[in-house]
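So you can see what is in the structure, the chains are spelled out below.
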Amino acid sequence: MFVALGSTSRAQLLAYSIRLQSETLLHFHILSKMAEQTTLDSLLEMGFDRNRAEKAVAHTGNQGIERAMDWLMEHEGDPDIDEPYVPPVGNVLGGSDPQLPSPAAQPTAEGADPATDGGDQMIHDGDTKQPMTEEEKREQIKRLEDLMRVKQEERRERERAEEVDREKQRRRQGQELLQVKQKLQEDEMKKMVDLRQREKNDDKMAKQRVRDKIARDREERALKFGGGSSSRAVTSPSAEGPPSSPPSQGPPPAKKDYNECRIQVRMLDGSALTSVFKAQEPLAAVRVYIQMNGDAPEGQDFTLLSPYPRRVYTELDMEKPLQELGLVPSAVLVVAKK
């Protein structure tokens, strides 16, 4: 080089070398930033989020869109993948590097005329990247479009799978809620059946105690009056004194307070159900008894009425005691459709 440029002074050669190196570095940096920006734009056009795209370009060192997409697929599950990308100090993605010296700021030796040097164009052309042909551009665009379609299809598949999972979860929650409601209804019905069974047992035991007491009273009366009948039979009528006057009648007996009520229910098919209820039980207890022991279809609604005098019982009457409705000590009810 010193032979070809023998007329150039040493100071001019030094300044020319420094400026040439600066221009080469700046040119390489500009090309790198352009390629980096092209990769970022391609990822954004393919539907990736800006934060993810910037992180992919930065972490792969701008080695192409395929490496960036591989990085995105590998780090898709990272917890901080959607956080904003913060580039290092002095390095802005897609911008110029302030650390690189500007060609205008480089020192030049006095009297140097780089425009007349033939080696400038020769060295500069050796460091530039050859432009892509039209066919290579079309191939690259086609490859990017194929990659974009693949990514979009994967995203749609993922969204469909997530929608199916959400629907399955919603149905599962609905089934669990329905099972809980059914379990509560079954428990409530079981409690009512147990309560009704205990009441039946209590009524049965009370009736048995009444029957036992009646039997004991009969035995006591038989023992008390059975011995005196024979002595009265042997005495002659003449020996008997004047007929005694009938005993004086006492005060009329008080009205009996009934604690039980005997209800006979006539069903829709002509059959009859008979049961004993407490006088203070509500009319709803009779309806529950009909629902449990009658042959009416499940879920069929009905009402109760008295034939003589005719009276149709309403929902308000269902909460009233049988004694208050005048059904004590016995009554006949008829089942009628609503």
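The present account deals with the structure reproduced in this document. Everything quoted here is computed from the prediction, not taken from an experiment.

## Structural notes on the packing of helix H2 (residues 50-59) against helix H3 (residues 65-74)
Item 1. The contact between H2 and H3 brings their axes to 9 Å, and the two run at 115 degrees. Every pair of crossing elements has a handedness; the one defined by H2 and H3 is right-handed. Side by side, H2 and H3 meet where Arg52, Lys55, Ala56 and His59 of the first sit next to Ala68, Trp71 and Leu72 of the second.
Item 2. Partitioning the contact of H2 with H3 into residue classes produces four nonpolar, one polar and two charged.

## A short note on the side chain of Lys151
Item 1. For Lys151, the location among the structural elements is in helix H5 (residues 134-226).
Item 2. Excluding residues that lie within four positions of it along the chain, Lys151 makes contacts with Met46, Phe48, Met69 and Met73.

## Quick look at the pattern of salt bridges
Item 1. Applying the stated criterion across every chain yields a total of 20 salt bridges.
Item 2. As a salt-bridge pair, Glu153 and Arg160 come within 3.5 Å of each other at their nearest N and O atoms.
Item 3. Between Glu315 and Arg287 there is a salt bridge, with the nearest N and O atoms lying 3.4 Å from each other. Placement of the pair is Glu315 in the loop between strand E4 (311-312) and strand E5 (330-337) and Arg287 in helix H7 (residues 283-293), with a sequence separation of 28 residues.
Item 4. You can call Arg287 buried: its relative accessible area is 18%.
Item 5. Connected through salt bridges with shared partners, the residues Glu153, Arg156, Glu157 and Arg160 form a single ionic network.

## Quick notes on unusual backbone geometry
Item 1. Residue Pro309 is reached from Tyr308 by a cis peptide bond, and omega for that bond is -15 degrees.
Item 2. Along the chain, Pro309 falls in the loop between strand E3 (302-306) and E4.
Item 3. The peptide bond linking Val328 to Pro329 adopts the cis configuration, its omega dihedral lying at 5 degrees.
Item 4. Structurally, Pro329 can be placed in the loop between E4 and E5.

## As for the packing of aromatic side chains
Item 1. Per the stated rule, a full pass over the model turns up one aromatic pair.
Item 2. Seen in terms of ring centroids, Phe277 and Tyr289 are 5.7 Å apart; in terms of plane orientation they differ by 85 degrees. Their pairing is edge-to-face. Here Phe277, found in strand E2 (residues 272-278), pairs with Tyr289, found in helix H7; they are 12 residues apart in sequence, far enough to count as distant. Accessibility classification places Phe277 together with Tyr289 in one group, the buried group.

Rules used throughout
Residues numbered from 1 in each chain as written. Predicted model: local features only at pLDDT ≥ 70, side-chain atom pairs only at ≥ 80, totals over all residues. Heavy atoms only, no water. Axes fitted to C-alpha atoms, helices over the stretch in contact; angles between N-to-C directions. Helix = DSSP H or I, 4+ residues; strand = E, 2+ residues; numbered from the N terminus. Left-handed = near helix turned anticlockwise from the far one by under 90°. Contact = heavy atoms within 4.5 Å. Nonpolar A, V, L, I, M, F, W, Y, C, P; charged D, E, K, R; others polar. Salt bridge = Lys/Arg side-chain N within 4 Å of Asp/Glu carboxyl O. Buried < 20%, exposed > 50% of the residue type's maximum accessible area, 1.4 Å probe, protein only. Phe/Tyr/Trp six-rings, centres within 6.5 Å; stacked < 30°, edge-to-face > 60°.

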